[in-house]
Amino acid sequence: MSTNDTKNPPAFSAMEASKFFFRAGHTGWLGLKFSDQGDNWVELKLSWREELMGEPDRAVLASGPIISLMDMASGMAIWQTKKTFAPVATLDLRVDYQRPARERSAVWGRVECYRTTRAAAFVRGIAHDGDINDPVAHIAGVFMTIAGDPRQGAIPQTKDNASEAGIGDA
Amino acid sequence: MPETESRLILPPYARALGIELFEIKDGVPILTVAFGPSVEGRPQHYHGGATAGLLENAGYAALRARLIIEEREVQLKPINITVQYLSAGKSRPSFAKGRITRLGRRNANISVEAWQDDRDRPIATAIMNILMA
């Protein structure tokens, strides 16, 4: 199956796209992995590793990689909702940290796209370390769609553009 | 400000991403990151998450530098951050500098700007609340 057929691309699936998205670039460096998906939401996993610590003396993930996790899950939740890959730019992303993640724990980011308009997509999500009812952080964001982008519908598959969302250019 | 410089230690995540101290100007640290695979989103552009990481670390660095001067030893905990993306981060170095809007006893309000070639044209801004425990 070719997911790069721009004339008749299959519906976007975060699970399928994850095979290409996290090979390189920032999200590849972070080591993001697909976790779960629904009609309008996506959950990704950020594994623990020492390099991603926020403080030298505490084995807890820094808050920065959690922003990246949620930004990427946001973009993918938007494509999951629209059922197509269409480049988006992060306009505004807010993260409220409820508590630090547990020591040496992975963090999962589940983001739901609750509304899309012609120009914008609205997301909200939760970062957790195993129990979604005991969140590490809540996020809310607004993304803009980029009209007329030639990559509409085609999921990038080459190594060079494996990492895509959260491009942050409106 | 040599003392501040030697005591201002960037966290492991910042160093792993490639963030470095560029200079300390009027007591405020300016951080920089070179463009490379660890920060790349779509080809030849910064990933929004990497830009956020630079902004957040610059916010923390501004606060840590002030706390060193005031000789306050506290643990910093993030409360929240809101990032606004203004224009695409291109394939060249980025810089960021935080400003402490208000330094209270328990909470600091910080605003941060990130830029590339032109200091007056920020590519992203952030506002942060940091708890000091």
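On a predicted model such as this, the values are computed, not experimentally measured, just so you know.

**Student:** Sorry if this is basic, but what is going on with the overall build of chain B here?
**Tutor:** Across its full length, chain B holds three helices and six strands. In chain B, the succession of helices and strands from N to C terminus is α-α-β-β-α-β-β-β-β. Taking 133 residues into account, the globule formula puts the C-alpha radius of gyration at 14 Å, and chain B, at 14 Å, falls close to it. Projected onto its principal axes, the C-alpha positions of chain B cover 45 × 30 × 25 Å. Here chain B holds 133 residues, and 53% of them are scored as buried. In chain B, the proportion of contacts linking residues at least 24 apart, taken out of those at least 6 apart, comes to 60%. A total of about 6000 Å² of accessible surface is found on chain B, and carbon and sulfur atoms cover 47% of it. With 17 positive and 14 negative side-chain charges, chain B shows a spacing of 7 Å between the two charge centroids.

**Student:** Quick question: what am I supposed to make of helix H1 (residues 14-21) of chain A here?
**Tutor:** It helps to recall that an α-helix has 3.6 residues per turn; residues three or four apart then point in one direction. All names here are of chain A. Within H1, the full set of buried residues consists of Ala14, Ala17, Ser18, Phe20 and Phe21. End-on view of H1: buried residues confined to an arc of 165°, all on one side of the axis. Buried-residue contacts for H1 involve helix H2 (25-30), strand S1 (32-37), strand S2 (41-46) and helix H3 (63-82).

**Student:** Which parts of the structure should I look at to understand the sheet that holds strand S7 (residues 120-128) of chain A?
**Tutor:** Through backbone hydrogen bonds, the strands of a sheet pair up, either in parallel or in antiparallel fashion. Pairing is antiparallel in the open sheet, where 12 strands are placed in the order S1(A)-S2(A)-S6(A)-S7(A)-S8(A)-S5(A)-S3(B)-S6(B)-S5(B)-S4(B)-S2(B)-S1(B). Whereas interior strands pair on both sides, the edge strands pair on one side only; in this sheet they are S1 of chain A together with strand S1 (19-25) of chain B. Neighbouring strand axes in the sheet, compared pairwise and without regard to direction, differ in orientation by 25° on average. Strand direction decides the pairing type here: strand S5 (residues 88-97) of chain A and strand S3 (residues 76-85) of chain B, joined by five bridges, are antiparallel. Residue pairing for S3 of chain B: Leu93 of chain A is matched across the bridge by Val83 of chain B. Across the sheet, H1 of chain A touches S1 and S2 of chain A, and the angle it forms with S1 of chain A is around 175°. In this fold H3 of chain A packs onto S1, S2, S5, strand S6 (107-116), S7 and strand S8 (137-145) of chain A together with S3 of chain B, with an angle of close to 40° to the strand it touches most, S6 of chain A.

**Student:** Help me understand the packing of aromatic side chains, please; the structure alone is not making it clear to me.
**Tutor:** What describes a pair of aromatic rings is the distance from one ring centre to the other and the angle between the planes of the rings. Residue and element names in this part refer to chain A. In the structure shown here, the tally under the stated rule is 11 aromatic pairs over all chains. These aromatic residues form a ring-pair network of at least three members: Phe12, Phe21, Phe22, Trp79 and Phe85. Directly above the aromatic system of Trp41 lies the positively charged group of Arg110, at a separation of 4.2 Å from the ring centroid. Stacked on the ring of Tyr114, the Lys or Arg Arg124 has its end atom at 4.2 Å from the ring centre.

Thresholds, definitions, all that
Residues numbered from 1 in each chain as written. Chains lettered and ligands numbered in written order. Predicted model: local features only at pLDDT ≥ 70, side-chain atom pairs only at ≥ 80, totals over all residues. Heavy atoms only, no water. Helix = DSSP H or I, 4+ residues; strand = E, 2+ residues; numbered from the N terminus. Rg over C-alpha atoms; globule rule 2.2 N^0.38 Å. Buried < 20%, exposed > 50% of the residue type's maximum accessible area, 1.4 Å probe, protein only. Contact = heavy atoms within 4.5 Å. Areas by Shrake-Rupley, 256 points an atom, 1.4 Å probe, with all protein chains shown as cover. Lys, Arg positive; Asp, Glu negative; His and termini not counted. Charge placed at Lys NZ, Arg CZ, Asp CG, Glu CD. Arc of directions from axis to C-beta. Pairing = 2+ DSSP bridges. Axes fitted to C-alpha atoms, helices over the stretch in contact; angles between N-to-C directions. Phe/Tyr/Trp six-rings, centres within 6.5 Å; stacked < 30°, edge-to-face > 60°. Lys NZ or Arg CZ within 6 Å of the ring centre and 35° of its normal.

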